[in-house]
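As a plain string of letters, each chain reads:
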Amino acid sequence: MGMFAVNAFLLLLLAIIAVVALRVHRLFTLVILSGAFSLTAAAQFVVLDAVDVAFTEAAVGAGISTVLALATLSLVPREEKPHAIAPLPAIIAVATGALLMVSIGDLPQFGAADAPVHVHVAPDYISGSAEKIGVPNVVTSVLASYRGYDTLGETVVIFTAAIAVLLILAGWTRAPYRREDEDQNRASTRNIRDKQEDAG
Amino acid sequence: MQDDPVIRVVAKVLIPAIMLFALYVQFHGDYGPGGGFQAGVIFAAALVLNAVVFGLHRARQVWPMRYNLMGVSAGVVLYGGTGVWSMLAGANYLDYFALKADPKAAQHLGILLVEFGVGLTVASVMVALFFAFAGRLTHIRLVAKTAAHEAADTDASREGDAA
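As a starting point, this report considers the structure included with it. As the structure is a computational prediction, the values presented were derived from the model and not from experiment.

1. Description of the overall build of chain B
Here is step 1: Within chain B, the secondary structure is distributed over 5 helices and 0 strands.
Here is step 2: Listed N to C, the secondary structure of chain B is α-α-α-α-α in terms of helices and strands.
Here is step 3: In terms of C-alpha radius of gyration, chain B reaches 23 Å, well past the compact-globule figure of 15 Å for 163 residues.
Here is step 4: A burial count over chain B gives 37% of its 163 residues as buried.
Here is step 5: When contacts within chain B are restricted to residue pairs at least 6 apart in sequence, long-range pairs at least 24 apart make up 66% of them.

Now the structure itself:
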């Protein structure tokens, strides 16, 4: 009963935040609401015993994302532009959501030992993490050792994304310096031309 | 915010504690929740707090942008280099068992190295992105100032022509 109350409270809170975020047009409120959504989702992950995921969600979703969005807010207008609801995306979103709700019935019970995900490689990982690798946190041993290639790929994705974002931002912000360079170039060519004309 | 003594003092107390907590999350990830991703973000949060409270300019003096760029690359190189090391030791890429004679110690070493690589990359990326976004405001002011100067220059030269 207690567990049910906690789950119901967190899910209801998530739904309320989502609905309020849809109706709000002030971007600052929207950023704070998305941070609150992430924090509530992190609490939900703790209830589901996924502490590593909860940790990441709280640090990235509620922390750094909110700060980055706030930093971006200083560059954009205060309010969202008013716009009508686009019919096609709305239909696709509602249809996908309805299909997902229907398919919930086919999912195995939460925590069921005979669920497909728990009978494939997971038993090897769980027993091997302690016996072969000697790391008590199974998440870390799967992330860094069993699935080392995936994590390498993720790190390279973060690396590539950062380089791309920094290049986009730097390409714009260098404009004043480039203009100064061009002015200097123009000035120097003018000097050369003047000297040539003088000589001619 | 930079003039508020309460915020300044609290930030000064908090920033080292946040950094220490990030290192704990980084190197205790084998035993408890945590690891490179979370530690990197927490470490970045300390530097972002520094920038928010004491200003972007001073934060960039403490932690120049080139540190971020070096950190972003060094993390990936450390991760990939651990794989190359295991290849040089005669095993497959990222097979940590070859790193040391004792298998569990070898796995510990490998996980520690790659997690530190992840943490380095994530922390540097987060700080770099925050500096880049927050720095845009300064740059936009600079662009506006340059444009205003140029407009003033052309006006002055036109007046000179007229005279």
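Resuming the write-up.
2. Points about the interface of chain B and chain A
Many structure descriptions define interface size as the accessible area lost when the parts assemble.
Here is step 1: Taken residue by residue, the interface counts 47 residues in chain B and 40 residues in chain A.
Here is step 2: Those elements that place two or more of their residues in the side of chain B that touches chain A are helix 2 (36-54), helix 4 (65-88) and helix 5 (103-162) of chain B.
Here is step 3: Looking at which element gives the most residues to the side of chain B that touches chain A, the answer is helix 5 of chain B, with 26 residues.

3. Quick notes on unusual backbone geometry
Here is step 1: Although it is not a glycine, A:Asp49 sits at a positive phi angle of roughly 70°.
Here is step 2: A positive phi angle is found at B:Leu94, which is not glycine, with a value near 65°.
Here is step 3: Positionally, B:Leu94 belongs in the loop between helix 4 and helix 5.
Here is step 4: On the basis of neighbour count, B:Leu94 is assigned to the buried category, with 22 C-beta atoms found within 10 Å.

4. Some words on the packing of helix 2 (residues 27-47) of chain A against helix 3 (residues 51-73) of chain A
All names here are of chain A.
Here is step 1: Where helix 2 contacts helix 3, the two axes come as close as 7 Å, and the packing angle between them is 175°. Viewed along their axes, helix 2 and helix 3 adopt a mutual orientation that is roughly antiparallel. For the pair formed by helix 2 and helix 3, the contact residues are Leu-27, Phe-28, Val-31, Gly-35, Ser-38, Leu-39, Ala-41, Ala-42, Phe-45 and Val-46 on the first element and Val-51, Val-53, Ala-54, Glu-57, Ala-58, Gly-61, Ala-62, Thr-66, Ala-69, Leu-70 and Leu-73 on the second.
Here is step 2: Looking at side-chain class alone, the contact of helix 2 with helix 3 contains 16 nonpolar, 4 polar and 1 charged residues.

5. With respect to helix 1 (residues 5-27) of chain B
Here is step 1: Between the first and last C-alpha of helix 1 of chain B there are 34 Å, a value that for 23 residues agrees with the 33 Å anticipated at 1.5 Å per step.
Here is step 2: For helix 1 of chain B, the complete set of buried residues consists of B:Ala22, B:Val25 and B:Gln26.

6. Describing the nonpolar core
Side chains that are nonpolar tend, in soluble globular proteins, to be buried together.
Here is step 1: Counting 53 residues, the largest nonpolar core has B:Val41, B:Ala44, B:Met126, B:Val127 and B:Phe130 as the members making the most contacts within it.
Here is step 2: Counting only elements with at least two residues in this core, the list comes to helix 3, helix 7 (138-146) and helix 8 (148-173) of chain A together with helix 1, helix 2, helix 4 and helix 5 of chain B.
Here is step 3: Considering every element that reaches this core, the biggest residue donor is helix 5 of chain B, with 17 residues.
Here is step 4: In contact with B:Ala44, other than residues within four places in its own chain, are A:Ile64, B:Ala123, B:Met126 and B:Val127.

7. As for the packing of helix 6 (residues 122-133) of chain A against helix 7 of chain A
Residue and element names in this part refer to chain A.
Here is step 1: Relative to each other, helix 6 and helix 7 sit at 80°, their axes nearing to 10 Å. Viewed along their axes, helix 6 and helix 7 adopt a mutual orientation that is roughly perpendicular. Facing helix 6, whose interface residues are Tyr-125, Ile-126, Ser-129 and Ile-133, helix 7 presents Val-138, Ser-141, Val-142, Ser-145 and Tyr-146.
Here is step 2: Here the contact of helix 6 with helix 7 is built from residues that sort into 6 nonpolar, 3 polar and no charged.

What counts and what doesn't
Residues numbered from 1 in each chain as written. Chains lettered and ligands numbered in written order. Predicted model: local features only at pLDDT ≥ 70, side-chain atom pairs only at ≥ 80, totals over all residues. Helix = DSSP H or I, 4+ residues; strand = E, 2+ residues; numbered from the N terminus. Rg over C-alpha atoms; globule rule 2.2 N^0.38 Å. Buried ≥ 20, exposed ≤ 12 C-beta atoms within 10 Å, placed from the backbone. Contact = placed C-beta atoms within 7 Å. Axes fitted to C-alpha atoms, helices over the stretch in contact; angles between N-to-C directions. Parallel < 35°, antiparallel > 145°, perpendicular 65-115°, else oblique. Nonpolar A, V, L, I, M, F, W, Y, C, P; charged D, E, K, R; others polar. Expected span 1.5 Å × (residues − 1). Core = buried A, V, L, I, M, F, W, Y, C linked by C-beta atoms within 7 Å.

Purely geometric stuff here, so don't read any function into it on its own.
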